[in-house]
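Report on the structure
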2 protein chains.
Amino acid sequence: MKIVIIGSGNVATHLSLALKAAGEEIVQVFSLNLNNAETLAKRIQAEPISNISKINRLADLYIICVKDDAISEIAKEFNDIDGLVVHTSGSTDIKVLSSELKHVGVFYPLQTFSKTKDVDFANIPVCIEATDAKQLDILKNIAHKLSSRVYTIDSEQRRVLHLAAVFACNFTNHMYAMANQILLNNNIDFDIIKPLITETADKILNDLPENVQTGPAVRNDDNTINKHLNMLADLPKLQEIYITLSNSIKLSHKIV
Amino acid sequence: MKIVIIGSGNVATHLSLALKAAGEEIVQVFSLNLNNAETLAKRIQAEPISNISKINRLADLYIICVKDDAISEIAKEFNDIDGLVVHTSGSTDIKVLSSELKHVGVFYPLQTFSKTKDVDFANIPVCIEATDAKQLDILKNIAHKLSSRVYTIDSEQRRVLHLAAVFACNFTNHMYAMANQILLNNNIDFDIIKPLITETADKILNDLPENVQTGPAVRNDDNTINKHLNMLADLPKLQEIYITLSNSIKLSHKIV
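Residues numbered from 1 in each chain as written. Chains lettered and ligands numbered in written order. Predicted model: local features only at pLDDT ≥ 70, side-chain atom pairs only at ≥ 80, totals over all residues. Heavy atoms only, no water.

Quick word on the overall build of chain A
- Scanning chain A from terminus to terminus reveals eight helices and eight strands.
- Along the longest, intermediate and shortest principal axes, the C-alpha atoms of chain A span 65 × 35 × 30 Å.
- Relative to its 256 residues, chain A shows a buried fraction of 56%.
- When the accessible area of chain A is evaluated, it comes to approximately 10,700 Å², of which 47% is carbon and sulfur surface.
- In chain A, 25 side chains carry a positive charge and 30 a negative one; their mean positions are 1 Å apart. (Helix = DSSP H or I, 4+ residues; strand = E, 2+ residues; numbered from the N terminus. Buried < 20%, exposed > 50% of the residue type's maximum accessible area, 1.4 Å probe, protein only. Areas by Shrake-Rupley, 256 points an atom, 1.4 Å probe, with all protein chains shown as cover. Lys, Arg positive; Asp, Glu negative; His and termini not counted. Charge placed at Lys NZ, Arg CZ, Asp CG, Glu CD.)

Here it is as structure tokens:
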């Protein structure tokens, strides 16, 4: 299976490394920024290109890992190609891939990627979609080489997953960042709170988050809540978030 | 060391089990609800009591694990006792323990506890405080039997830690709950998102959360943000939270 990777960001990097480790041949890495293409291409023994006209026309699979709003534009470059063209976006409909493309699909790894942190693909849910059964089988085979969790998910369900992921991951990480800001302001090292973060994530592996909610809001402990709001007087944005989320917890638990 | 546990909730339960496992003798468990006292006392071979007048007056250590606003009231019951009386609250000043008590302190395990989930105390930061060095040593010795992470923290710093913990744990768990709500509404199993939650928590063990933020807000991807807001039209509370947090992420990353 000859693969071309379009993009050189977090998803492109981790997916390329996983595909390479699984024995796939990545023939090219395309990025408008040649330096970025070279950096990634070097790690997977591929050819770096920054000119789209130099794309190998005979690859089996083209994986588009670019910003959501650039997918449709870049996909048009593959209109005359026989290979399967997929995007990797959670929030983008398969239909964004031009109807002139012969074979299209989606290969969405439901995970958060940062270049500085290795990930083990084996445990990452890979959500695949294709417009016909043969292409779906191709994606299924590749996905199974990377991960034990392969799901066939249509575009609508995938959008829902991506929205849920924003809460479960992006907003969660922002909570960690706000905790760090509070600690920093008081010269306390972020390290002390890490076991709490790990345990909070571990708890929901065997129970629903609604069942293991702790803290002043779910106890309806307004005395503590008010103390905290006073402490946040100099951080009005965090104060607003504290109020919004405490009220939301109370509402979810039918306390108010 | 003879210990009396005041309370039978999550903290009382996990702390008692850890102390027992470390070889300490827990002589009594007090709870206004005798059933709850009995349930916990049975697990640690202690005497259950629900009448405060039956408290053993000769114990070495009394650990108060009750709701924050009940601490001062219950602490008064120990005014004539020689043993060390501590509370376990993150947000409560040591001064709430009556000045008539002979020896006072704080023993605050910085962790989230649920009765249904075992915890390994060895990794939990235990924050201790006492009004004199001798009592601090007593607490230090006990804390070290439970955990390798023992911190001497004054009441003001402890309040800050507790506030940060609300963001890092309570609000984070609420994010998981909202993700689950979105998935449930669309008949998608929460399981699919668990690897993402685990990885999000793992990422900050070796990097600051500000450095590993992902998602549409930090990419300033308003197209995706607007799609998500449309999807949340039937969940206006979640929509409000989505807007508040996305704006906060943008602001933190100087995007707006």
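Focus: the layout of surface pockets
- The calculated volume of the largest pocket comes to roughly 930 Å³.
- Along the wall of the largest pocket there are 40 residues; nearest its centre are Asn10(A), Val11(A), Val66(A), Lys67(A) and Arg219(B).
- Listed by contribution, the elements that provide at least two residues to the lining of the largest pocket are helix H1 (10-21), strand E6 (103-109) and helix H5 (155-185) of chain A.
- It is H5(A) that contributes the most residues to the lining of the largest pocket, five residues altogether.
- By residue class, the composition of the lining of the largest pocket is 19 nonpolar, 17 polar and four charged.
- Put simply, the second largest pocket is a space of about 770 Å³.
- Taken together, 34 residues line the second largest pocket, and the ones lying closest to its centre are Thr214(A), Gly215(A), Arg219(A), Asn10(B) and Val11(B).
- Elements with a contribution of two residues or more to the lining of the second largest pocket: helix H1 (10-21), strand E6 (103-109) and helix H5 (155-184) of chain B.
- Its residues assigned to classes, the lining of the second largest pocket shows 17 nonpolar, 14 polar and three charged. (1 Å grid on protein atoms, 1.4 Å probe; cavity = no way out; pocket = protein on both sides within 12 Å on 5 of 7 lines; lining within 4 Å. Points joined across faces, edges and corners; volume = space filled by probe spheres on them. Nonpolar A, V, L, I, M, F, W, Y, C, P; charged D, E, K, R; others polar.)

Describing the relation of the copies chain A and chain B
- Here chain A sits on chain B after a turn of 180° about the axis and a move of 0.0 Å along it, with an RMSD of 0.0 Å. Classification of the inter-copy transformation places it as that of a two-fold axis. In terms of proximity to the rotation axis, the leading residue of chain A is Thr172(A), whose C-alpha is 2.6 Å off the axis.
- Here 100% of the contact residues of chain A are again contact residues in chain B; the copies associate through an equivalent surface. (Least-squares fit on C-alpha atoms with pLDDT ≥ 70 in both. Contact = heavy atoms within 4.5 Å.)

Looking at the domain arrangement of chain A
All names here are of chain A.
- Here chain A is partitioned into domain 1 (2-153) and domain 2 (159-252).
- A C-alpha centroid distance of 35 Å is found between domain 1 and domain 2.
- Contacts between domain 1 and domain 2 engage seven residues on the former and five residues on the latter.
- For the pairing of domain 1 and domain 2, the buried interface totals around 490 Å² over both sides, and the portion due to carbon and sulfur atoms is 76%.
- Inspection of the region where domain 1 meets domain 2 yields zero residue pairs in polar contact (both at pLDDT 80 or more). (Domains from an automatic or database assignment. Buried area = accessible area lost by both parts, 1.4 Å probe. Polar contact = N/O pair within 3.5 Å; in protein donor to acceptor, adjacent residues only side chain to side chain.)

Some details on the environment of Ile71(B)
Residue and element names in this part refer to chain B.
- Within the fold, Ile71 resides in helix H3 (residues 71-75).
- In this structure Ile71 comes out as buried when scored by relative accessible area, which is 0%.
- Not counting residues up to four positions away in its chain, the partners in contact with Ile71 are Ile64, Val66, His87, Ser89, Thr92, Val96 and Leu97.

Description of the interface of chain A and chain B
- Of the residues lining the interface, 92 residues belong to chain A; the matching set on chain B comes to 92 residues.
- Both faces combined, the contact of chain A with chain B buries some 8,600 Å², and carbon together with sulfur accounts for 67% of it.
- Counting the surface chain A buries against chain B, the share from its top three residues, Phe167(A), Ile192(A) and Leu196(A), is 8%.
- At the junction of chain A with chain B, the criterion picks out two salt bridges.
- Scanning the region where chain A abuts chain B turns up 33 residue pairs in polar contact (both at pLDDT 80 or more).
- For the side of chain A that touches chain B, the elements supplying multiple residues, two or more each, are H5, helix H6 (194-203), helix H7 (222-231) and helix H8 (236-252) of chain A.
- In terms of residue count, the dominant contributor to the side of chain A that touches chain B is H5(A) (25 residues).
- Considered class by class, the residues forming the side of chain A that touches chain B number 46 nonpolar, 27 polar and 19 charged. (Salt bridge = Lys/Arg side-chain N within 4 Å of Asp/Glu carboxyl O.)

Regarding the UniProt feature "domain: Pyrroline-5-carboxylate reductase catalytic N-terminal" (unreviewed entry) in chain A
- If you check UniProt for "domain: Pyrroline-5-carboxylate reductase catalytic N-terminal" (unreviewed entry), the listed places come out as residues 2-82 of chain A in our numbering.
- Secondary structure within residues 2-82 of chain A divides into 33% helix and 22% strand; the distance between the first and last C-alpha atoms comes to 12 Å. (UniProt positions renumbered as here; feature names shortened; annotations may be inferred.)

Side note on the side chain of Ser114(A)
- Positionally, Ser114(A) belongs in the loop between E6 and strand E7 (126-130).
- Its relative accessible area of 6% is what places Ser114(A) among the buried residues.

Examining H1(B)
Residues and elements named next belong to chain B.
- When the terminal C-alpha atoms of H1 are compared, their 17 Å separation across 12 residues agrees well with the 16 Å that a helix rising 1.5 Å per residue should span.
- Along H1, the residues that are buried comprise Ala12, Thr13, His14, Leu15, Ser16, Ala18 and Leu19.
- On its buried face, H1 sits against strand E1 (2-6), strand E2 (25-30), helix H2 (34-43), strand E4 (61-64), E6 and helix H4 (133-146).
- Just downstream of H1 lies Gly23, where phi reads positive at about 95°. (Expected span 1.5 Å × (residues − 1).)

Remarks on unusual backbone geometry
All names here are of chain A.
- One non-glycine residue, Gln45, lies in positive phi territory at about 50°.
- For Gln45, the location among the structural elements is in the loop between helix H2 (34-43) and strand E3 (47-49).
- Relative accessible area serves as the criterion here: at 59%, Gln45 is assigned to the exposed category.
- If you check the backbone angles, Lys254 has positive phi at about 55° while not being a glycine.
- By the secondary structure assignment, Lys254 is in the segment after H8.

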